[in-house]
Amino acid sequence: MSRVLVTGGAGFIGSHLCEALVERGDEVYVIDDLSTGRLENVAQLDGHRAFHFTSGTILNYPLLESLVRKVDRIFHLAAVVGVQKIIEVPIDTIEINVLGAHNVLTLAARHNKPCLLASSSEVYGKSNKHPFTEDDDAVYGPTTKSRWGYACSKAIDEFLALAYFRSKKLPITIARLFNTTGPRQTGRYGMVLPRFVEQALRGEPITVFGSGQQSRCFADVSDVVTALILLTDIPEAAGQVFNIGNPEEITIGELAGLVKEMTESASPIRLIPYDEAYQPGFEDMQRRVPNIEKLHRLTGFSPKIKLAQIAHRVITGKLQEMETDVPVMPGPSMGVRFGVRQ
Ligand code: UDP
């Protein structure tokens, strides 16, 4: 049993991580500013004697320090996430992602607490070399396009983390998360799978941005959490960068078709130009495929959940959420297929 701090623990990935840590007997402390995180995400842990929630920002150094002192190790997940959000709040994106990570790293070093930094596949930018391997070059667009501010903020976090490893001997591991999805993820900040599912279940148009030929690889959050925990359990991982993801690739157009079929929705699939979906001149990544050999070699990790099952889990979760929310009109046999409605 160890005591663990999870920054961003009320977020989508953070909350699943907290559940897994509590389940294996760890004592978990969370700090979350509830900007995109939600208390509902950790409601099932509320009142558990091994779970401690603090509402606050990682920019509050004394508050963060009081929590760092209490724990044996840190998972740093707090960040501004989601392409939509990054375009809406570019200042917060850079300040929270860079200054917040700086606070976490200085405190981890001061109190000698091993740390895992959650980074992002965005750091590869729009490189055309596939699959992405940890030492590949990053290729970014101009600073006038705010999307790249997120990639650069995460790249700075990685530089800083590696510098702390080299200069201060801080045991820090960097996890580059590829598209992660699953139950409890909201479509509010742009994440495509929950958005498509919400649209399909409401009978609204399924909005495919651009041509729909761009592709992504989606990993289930439970696989990602397994990989994160495996990495922190292995001391040799410190000072290194690891991709975490599921290499199974699908175009966004195909994903829209899959969701429509699985939900038996009558929603039309509508192509929306990027300029309209985001902002004029928006640049998207055409492909993003993880090479996870390095992670596999060190930890033995392979993703267990395939895309159809991931979609199934997201649909089931959304149906449950929407049952307590607004009326949904699912296809005729949906309840039988997903086992939610009798
Ligand atoms: N996307 C889409 N429709 C939506 C939301 C997203 O077609 O309603 C596309 C988006 O343009 C991108 C892909 O789906 O090509 C994945 O988007 P997401 O924001 O989930 O993650 P990203 O990979 O961009 O970080």
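Our subject is the structure that appears above.
Computed from a predicted model, the values in this text were never measured in an experiment.

Some points on the overall build of the protein
Right, so step 1: Per the secondary structure count, the protein includes 12 helices and 13 strands.
Right, so step 2: In terms of overall dimensions, the protein is globule-like: its C-alpha atoms have a radius of gyration of 20 Å, near the 20 Å expected for 342 residues.
Right, so step 3: Across its three principal axes, the protein shows a C-alpha extent of roughly 60 × 45 × 40 Å.
Right, so step 4: Looking at the protein as a whole, 57% of its 342 residues are labelled buried.
Right, so step 5: Once local pairs closer than 6 in sequence are excluded, the contacts in the protein between residues at least 24 apart make up 78%.
Right, so step 6: Of the roughly 14600 Å² of accessible surface on the protein, a fraction of 53% belongs to carbon and sulfur atoms.
Right, so step 7: Between the averaged position of the 36 positive side-chain charges in the protein and that of its 39 negative side-chain charges there is a distance of 3 Å.

Observations concerning the sheet that holds strand β11 (residues 241-244)
Right, so step 1: The sheet built from 7 strands is open, its strands ordered β3-β2-β1-β4-β5-β6-β11 with parallel pairing. Lying at the two open borders of the sheet, with one neighbouring strand each, are β3 (51-55) and β11. Direction aside, neighbouring strands of the sheet carry axes that sit 20° apart on average.
Right, so step 2: Relative to β3, strand β2 (residues 27-32) runs parallel, the two being bridged by 5 bridges. Following the sheet pairing, Tyr29 is matched in β3 by His52.
Right, so step 3: Against the sheet, helix α5 (residues 147-168) touches β5 (115-120), β6 (172-177) and β11, its axis set at about 155° to β5.

Observations regarding the state of the cysteines
Linking two cysteines covalently through their sulfur atoms gives a disulfide.
Right, so step 1: This structure, assessed with the given rule, holds 0 disulfides.
Right, so step 2: Summary of cysteine pairing: Cys115 is not part of a disulfide, and the nearest cysteine sulfur, belonging to Cys18, is at 14 Å.
Right, so step 3: Judged by its relative accessible area of 5%, Cys115 is buried.

Side note on the pattern of salt bridges
A side chain of one charge can pair with a side chain of the opposite charge when the charged atoms of the two come close.
Right, so step 1: Counting across every chain of the model gives 19 salt bridges.
Right, so step 2: Linking Arg69 and Glu65 is a salt bridge whose minimum nitrogen-to-oxygen distance equals 3.8 Å. Pair noted here: Arg69 and Glu65 are both in helix α2 (residues 61-70), with a separation of 4 residues, about one helical turn.
Right, so step 3: Here Asp284 and Arg216 are joined by a salt bridge, their closest N and O atoms 2.8 Å apart.

Things to note about the nonpolar core
Right, so step 1: The biggest cluster of nonpolar side chains holds 33 residues, and the ones touching the most others in it are Val6, Phe75, Leu228 and Ile244.
Right, so step 2: A total of 7 residues in this core trace back to one element, the largest contributor, which is helix α7 (residues 221-232).
Right, so step 3: Setting aside chain neighbours within four positions, we find Phe75 in contact with Val4, Leu5, Val6, Thr7, Leu17, Leu21, Leu116, Leu228 and Thr232.

A look at unusual backbone geometry
Right, so step 1: Of note, the amide linkage connecting His130 to Pro131 takes the cis form, showing an omega dihedral of -10°.
Right, so step 2: Take Pro131: it is sitting in the loop between β5 and α5.
Right, so step 3: Although it is not a glycine, Lys169 adopts a positive phi angle of roughly 60°.
Right, so step 4: Structurally, Lys169 can be placed in the loop between α5 and β6.
Right, so step 5: Residue classification places Lys169 among the exposed residues on the basis of a relative accessible area of 64%.

Topic: empty space enclosed by the protein
Right, so step 1: In this structure the tally under the stated criterion is 2 cavities of 30 Å³ or more.
Right, so step 2: Its volume calculated, the second largest cavity comes out at about 40 Å³.
Right, so step 3: Of the residues assigned to the lining of the second largest cavity, the class counts are 2 nonpolar, 3 polar and 3 charged.

Regarding the site of the ligand
Right, so step 1: Not every one of the 19 residues close to the ligand is listed here, only the nearest: Thr207, Phe209, Arg216, Asp284 and Arg288.
Right, so step 2: Within the backbone of Gly190, one N or O atom sits 3.4 Å away from an oxygen atom of the ligand.
Right, so step 3: Coverage of the ligand by the protein chains reaches 95% of its 510 Å² of free accessible surface.
Right, so step 4: Partitioned by chemical class, the residues of the shell around the ligand number 9 nonpolar, 4 polar and 6 charged.

The rules behind the values
Residues numbered from 1 in each chain as written. Predicted model: local features only at pLDDT ≥ 70, side-chain atom pairs only at ≥ 80, totals over all residues. Heavy atoms only, no water. Helix = DSSP H or I, 4+ residues; strand = E, 2+ residues; numbered from the N terminus. Rg over C-alpha atoms; globule rule 2.2 N^0.38 Å. Buried < 20%, exposed > 50% of the residue type's maximum accessible area, 1.4 Å probe, protein only. Contact = heavy atoms within 4.5 Å. Areas by Shrake-Rupley, 256 points an atom, 1.4 Å probe, with all protein chains shown as cover. Lys, Arg positive; Asp, Glu negative; His and termini not counted. Charge placed at Lys NZ, Arg CZ, Asp CG, Glu CD. Pairing = 2+ DSSP bridges. Axes fitted to C-alpha atoms, helices over the stretch in contact; angles between N-to-C directions. Disulfide = S-S within 2.5 Å. Salt bridge = Lys/Arg side-chain N within 4 Å of Asp/Glu carboxyl O. Core = buried A, V, L, I, M, F, W, Y, C linked by side-chain atoms within 4.5 Å. 1 Å grid on protein atoms, 1.4 Å probe; cavity = no way out; pocket = protein on both sides within 12 Å on 5 of 7 lines; lining within 4 Å. Points joined across faces, edges and corners; volume = space filled by probe spheres on them. Nonpolar A, V, L, I, M, F, W, Y, C, P; charged D, E, K, R; others polar. Near = heavy atom within 4 Å. Polar contact = N/O pair within 3.5 Å; in protein donor to acceptor, adjacent residues only side chain to side chain.

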